[in-house]
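The primary structure of each chain is shown beneath.
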Amino acid sequence: MKDAVKNLLGRKIAGDAAVPTDRTDEEFERLGHELRKEVSSIFGRSLAIREVDTGSDNSPEIELNNLTTPHYDIERFGVSFVASPRHADALAVTGPVTRNMADALRRTYDATPAPKLVIAIGDDACDGGLLKGSYAVLGGVDKVLPVDLKIPGNPPTPEEIMRGLLRLMAAIRDRKATQHKHR
Amino acid sequence: MVDPLFEEMGKVVPEGLLKGSWEGKDGAIYLPLPEDAFGGVIKGFVEKGLVLVGLFCEEGFREGERFTLLYVFEKRGYERLVVLLRGLGEGRASSVARDFPSASWYEREITDGFGIAFPDGPDGRPLFLHECYPDGFHPLRKSQARPREAQKRTAYAFKEVTGEGVYQIPVGPVHAGIIEPGHFRFSVIGETVLALEIRMFFKHRGIEKLAEGKTSEEGVLFAEAISGDESAANSTAFCECAERIAGTRLPARAQHLRTVLLELERMYSHLGDLAGMAVDVAYPVGASPFLVLREELLRQNRALTGSRFLKGAIVPGGLRRDLPREALAALGAYLPSFMERFVEAAKGIRSTPLVIDRYAGTGIVRRELVKPLNLSGPIARACDVRIDTRADHPYGLYAAMRLTPRLQQDGDVLARFEVKAEEVLASATIILQLLERLPDGPVRTRCASKNGYALALVEAPRGQSMHYLHLRNGTIVRYKVRTASFCNWQAIEHAVPGNIVPDFPLINKSMNLSYAGTDL
């Protein structure tokens, strides 16, 4: 109880002079509200993402996890990371595709209900990056699956991932509009 | 004066052979052994209690022998390492894994990479080459082409655990959370784990081979890619190797700033673990303060180096560029408040019985395992083993620092929590001290590309990382890395049995091993 009162009345973290302030949180918030509108209209309120790591250096996972931490909390904008491909609208793939993971990636994709999207996150996932040409690596995610969006970066920051998701929404909107015209 | 380690060795190695040894540019004693003397020396090393910190192979290390096995030994209490060189006339050798269990994975790795068999080894299964690689493919041989497609091997045989009521739970490589891929096979009775077998190397990217033919300037990028949240530690180890080969002495400012980055890395890496442990006992209230602090550190990282993971900052000869003075000043102003809030956050965990109830007595790593499995880092310190590479084999600025390793006794999740929590504060204190007496001057000096080889050990957040670099005519001919996780993963097979299945994620998180850093 004492802690609760202290929390309510005490100094807020954001107001601490020694804590560095930058524009990251405000910018993320702005992008988030934009994304929420898109997700609401295109996906009927929620976009479910299943992450698959096919050989990253682990930093893209840390940034994806960061999207769910207090500074970012992406769920409030309608995006959630789900435990099974069966629940997913999209796969977020990190890392170049190693030979040892190619089969698992294909099977995860097959387990995802259509229509489904594939997002390549990070330089390695986009085109193999630094690991290009290795005997152990097939290349970027598009060597194995059709890729709808590439978000480069080593790794991309939470903000860059948000911008990427917004680009994806715009692309889907365009695609829908074209399909509609041709009907 | 006779070197004390040399004297110690003289009790085990015949004098005539000892005369054939030399001191490497890394200060280690390199000792070639004829095959008939090898077994005896190994027995002597067992009796003397040496630890096998690394074992790897190089093709063309010395004239006249195709393959050389390098056995890297540590005698606790001595700064210098001992490297036994074992030339192979043919593609087979006797195993040392029964005397030094850590060798089991090392030897399997060598078999995959070079096609050298250890017929008397305890485990002959492939390690990093999964079923998708054809038989007879050994990527680290100089003459090896790319693997041919569509030639699958027979399935990997997991160990069978049988008995009435025993069932298996296979998990992975794709997990439920945002986690790296690996396979865990639990044999369970009721809710209690009877045995756990792990299978790794799904992320094997062939980093060691890719580095071959590159300059050391290019090679450091591969070191950074080993394990994203240990990029400062691994790039430092790589650069230490290159600098030892060249005999480069770093400018004081470069040494100081590198140390700042290394300790920052330890802090943000540990914070992720401390948060993850609370998440895995369903206590997000306890996790959130750690996550907030870690995000702040990642932003400090970016202000200092342009990368939230400190990438691109450390290069052979020092730093790529000086760190911005404003960012350094801001870090110094920030850390005292960080420490204050960190203490509060840790108190929040310690004062919550439901958390302590789950942490205490869970996932115990026994002290007796530390030497045979070559465990290191917080896992070892949490079972009262006084090892820390920064103190035992000091590099860079650590030689002048005299660090005291933080120890706990119980070897359980709670002990690992406490070690990491104390280390976060210790690292913050180190950084503050460094920032106070930061010397001026250049941050980079020329690191010439000379022919030669060297080992380097560093204390990454997860424990000791061993790097070996061999340069010839300006390019890398062999780059070998053995991270802490490579050895520490094997501890989990011992720590989990006897616990209930739902405690596995917690135990796993308390160790927070790197999959990428193991699979390379």
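Model, not experiment: these values are computed from the prediction. (Residues numbered from 1 in each chain as written. Chains lettered and ligands numbered in written order. Predicted model: local features only at pLDDT ≥ 70, side-chain atom pairs only at ≥ 80, totals over all residues. Heavy atoms only, no water.)

Moving on, we come to the interface of chain A and chain B. Taken together, the contacts link 50 residues of chain A with 56 residues of chain B. At the boundary of chain A with chain B, total buried surface from both sides reaches about 4,300 Å², with 57% on carbon and sulfur atoms. Its largest share of buried area at the contact with chain B, chain A owes to Arg99(A), Asn100(A) and Tyr135(A), together 20% of the area lost on that side. Where chain A meets chain B, there are 4 salt bridges. For the salt bridge of Arg299(B) with Asp25(A), the shortest nitrogen-to-oxygen distance reads 2.8 Å. Residue assignment for the side of chain A that touches chain B shows that the elements contributing at least two residues are helix H2 (24-43), strand E1 (47-53), helix H3 (59-66) and helix H4 (99-111) of chain A. Among the elements that take part in the side of chain A that touches chain B, H3(A) stands out by supplying 7 residues, more than any other. Among the residues making up the side of chain A that touches chain B, the classes are represented as 21 nonpolar, 16 polar and 13 charged. (Contact = heavy atoms within 4.5 Å. Buried area = accessible area lost by both parts, 1.4 Å probe. Salt bridge = Lys/Arg side-chain N within 4 Å of Asp/Glu carboxyl O. Helix = DSSP H or I, 4+ residues; strand = E, 2+ residues; numbered from the N terminus. Nonpolar A, V, L, I, M, F, W, Y, C, P; charged D, E, K, R; others polar.)

Turning to the confidence of the model for chain B, a few remarks are in order. Per-residue confidence for chain B gives a mean pLDDT of 94; residues scoring 70 or more make up 99%. Across the whole predicted complex the pTM is 0.94, and at the interface the ipTM reaches 0.93. (pLDDT = per-residue confidence, 0-100.)

Here Glu180(B) is to be found in the loop between strand E6 (166-171) and strand E7 (183-189). Overall, the relative accessible area of 8% leaves Glu180(B) in the buried class. Side-chain polar atoms of Glu180(B) contact the backbone nitrogen of Tyr515(B), separated by 3.4 Å. Not counting residues within four places of it along the chain, the set of residues in contact with Glu180(B) comprises Asp53(A), Asn58(A), Glu61(A), Pro173(B), His175(B), Lys203(B), Ser514(B), Tyr515(B) and Ala516(B). (Buried < 20%, exposed > 50% of the residue type's maximum accessible area, 1.4 Å probe, protein only. Polar contact = N/O pair within 3.5 Å; in protein donor to acceptor, adjacent residues only side chain to side chain.)

This part covers the nonpolar core. All names here are of chain B. Counting residues in each nonpolar core, the largest one holds 156 residues, and the members touching the most others are Phe45, Leu69, Phe73, Leu84, Phe338 and Tyr359. Ranked by the residues each element gives to this core, the list is headed by helix H8 (residues 252-279), at 12 residues. Both domains that meet at this core, namely domain 1 (4-114) and domain 2 (251-448 + 486-519), each give it at least three residues. When neighbours within four sequence positions are excluded, Leu84 is seen to be in contact with Leu31, Leu33, Phe38, Val41, Ile42, Phe45, Leu69, Leu70, Tyr71 and Phe73. (Core = buried A, V, L, I, M, F, W, Y, C linked by side-chain atoms within 4.5 Å. Domains from an automatic or database assignment.)

All right, on to the state of the cysteines then. Residues and elements named next belong to chain B. Within this structure, the stated rule accounts for 0 disulfides over all chains. For the unlinked cysteine Cys57, the closest cysteine sulfur is that of Cys241, found at 18 Å. In this model Cys487 remains outside any disulfide bridge; the closest cysteine sulfur is found in Cys383, 14 Å from its own. (Disulfide = S-S within 2.5 Å.)

All names here are of chain A. Reading across the sheet, the 5 strands line up as E2-E1-E3-E5-E7 and stay open at both edges, with parallel pairing between neighbours. Each having just a single partner strand, strand E2 (79-81) and strand E7 (149-151) make up the two edges of the open sheet. For this sheet, the mean angle separating the axes of adjacent strands, direction not counted, is 25 degrees. Both E1 and strand E3 (residues 90-94) contribute to a ladder of 5 bridges, which runs parallel. Counted as the bridge partner of Val52 is Val93 from E3. Sheet strands touched by H4: E1, E3 and strand E5 (117-121). Its angle to E1, the strand with the most contacts, is close to 165 degrees. (Pairing = 2+ DSSP bridges. Axes fitted to C-alpha atoms, helices over the stretch in contact; angles between N-to-C directions.)

Axes are the key here: two packed helices are described by the angle between their axes and the distance separating the axes. Residues and elements named next belong to chain B. Where helix H7 (residues 231-246) meets H8, the closest approach of the two axes is 8 Å, and the angle between their N-to-C directions is 145 degrees. Judged by residue contacts, Ser231, Ala232, Ala233, Thr236, Cys239 and Glu243 of H7 engage Arg258, Leu261, Leu262 and Glu265 from H8. Among the residues making up the contact of H7 with H8, the classes are represented as 5 nonpolar, 2 polar and 3 charged.

Confidence in the prediction for chain A averages 88 pLDDT; 87% of positions are at 70 or higher. The low-confidence segment residues 11-17 of chain A, where pLDDT is below 50, has 9 contacts with residues more than four positions distant or belonging to other chains.

With that settled, consider the domain arrangement of chain B. All names here are of chain B. We note that the domain assignment places domain 1 (4-114) and domain 2 (251-448 + 486-519) within chain B. For domain 1 versus domain 2, the separation of C-alpha centres amounts to 31 Å. Contacts between the two partners involve 15 residues from domain 1 and, on the opposite side, 15 residues from domain 2. Regarding the contact of domain 1 and domain 2, the summed buried area is about 1,200 Å², with carbon and sulfur atoms giving 60% of it. Together, Arg76, Glu79 and Trp105 form the three largest contributors to the area buried by domain 1 at its contact with domain 2, with a combined 47%. Seen at the junction of domain 1 and domain 2, the total is 0 salt bridges. Inspection of the domain 1/domain 2 interface yields 6 residue pairs in polar contact (both at pLDDT 80 or more). At the level of elements, strand E3 (51-59) and helix H4 (103-114) are the ones that each hand at least two residues to the side of domain 1 that touches domain 2. When the residues that make up the side of domain 1 that touches domain 2 are grouped by side-chain class, the tally is 9 nonpolar, 2 polar and 4 charged.

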